[in-house]
Amino acid sequence: MIDAEGFRANVGIILVNDAGHVFWGRRVGQNAWQFPQGGIKHHETPEQALFRELQEEVGLTRDHVELLGATQGWLRYLIPRRYLRRDRPPCIGQKQLWYLLRLTAGEEQIRLDADGSPEFDAWRWVDYWAPLTQIVTFKREVYRLALEELACRVPGPTTAAEHRA
């Protein structure tokens, strides 16, 4: 779904464990790491897209996680010109609702090959704030906004105040 301004509706997923570390996935065939994310289809609510993307990209279902929170509104980023596709209507960026999930199942339930076309070929747990130094530059502000807004809901010492110190 691309809106009138050219932003594709999308969900972002911050999956956290009980130690306050977050799931960090490496995109297939690249040295690029990110949180799971994906587009919202016309017939879906954002929450339905969240659980579809979670299943497709990480192999987890609603039964494997606890929903801890979501951003209050859309967070937007522009896609650099060199990465733009020639879609109709044209897509200039993403607008995302971010969800914070806690893994309640064992991590052996994580399966990157649950879908026929995996998004990730490796994953690891990282410090809650580590993605801010590792994500591509054009997504960095959205990641910062999402992480700061949701930090108060994470188990463990991950408050925004500690991050800024």
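For the structure itself, look to the data block above.
Residues numbered from 1 in each chain as written. Predicted model: local features only at pLDDT ≥ 70, side-chain atom pairs only at ≥ 80, totals over all residues. Heavy atoms only, no water.

Asks: Teacher, can you tell me more about the pairing of strand E7 (residues 93-103) here?
Replies: The side chains of a regular strand alternate, residue by residue, between the two faces of the sheet. Most of E7 sits inside the fold, with 11 of its 11 residues counted as buried. Side chains of E7 alternate between two faces, with Gly93, Lys95, Leu97, Tyr99, Leu101 and Leu103 and Gln94, Gln96, Trp98, Leu100 and Arg102 buried alike. As paired elements, strand E5 (residues 65-70) and E7 share five bridges and run antiparallel to each other. Of the residues in E7, the one forming a bridge with Ala70 is Tyr99. Sheet analysis places strand E6 (residues 75-78) next to E7, joined by four bridges and oriented antiparallel. Directly across from Arg76, in E7, lies its bridge partner Lys95. (Buried < 20%, exposed > 50% of the residue type's maximum accessible area, 1.4 Å probe, protein only. Helix = DSSP H or I, 4+ residues; strand = E, 2+ residues; numbered from the N terminus. Pairing = 2+ DSSP bridges.)

Asks: Would you explain helix H1 (residues 46-58) in this entry?
Replies: In this model, H1 (13 residues) spans 17 Å end to end at C-alpha, consistent with the 18 Å of a helix rising 1.5 Å per residue. Every buried residue of H1 is accounted for by Ala49, Leu50, Phe51, Arg52, Glu53, Leu54, Glu57 and Val58. For H1, the elements touching its buried residues are strand E1 (7-16), strand E2 (22-27), strand E4 (37-39), E5, E7 and strand E8 (120-126). Positive phi shows up at Gly59, right after H1, with a value of about 80°. (Expected span 1.5 Å × (residues − 1). Contact = heavy atoms within 4.5 Å.)

Keep in mind these values describe shape, not function.
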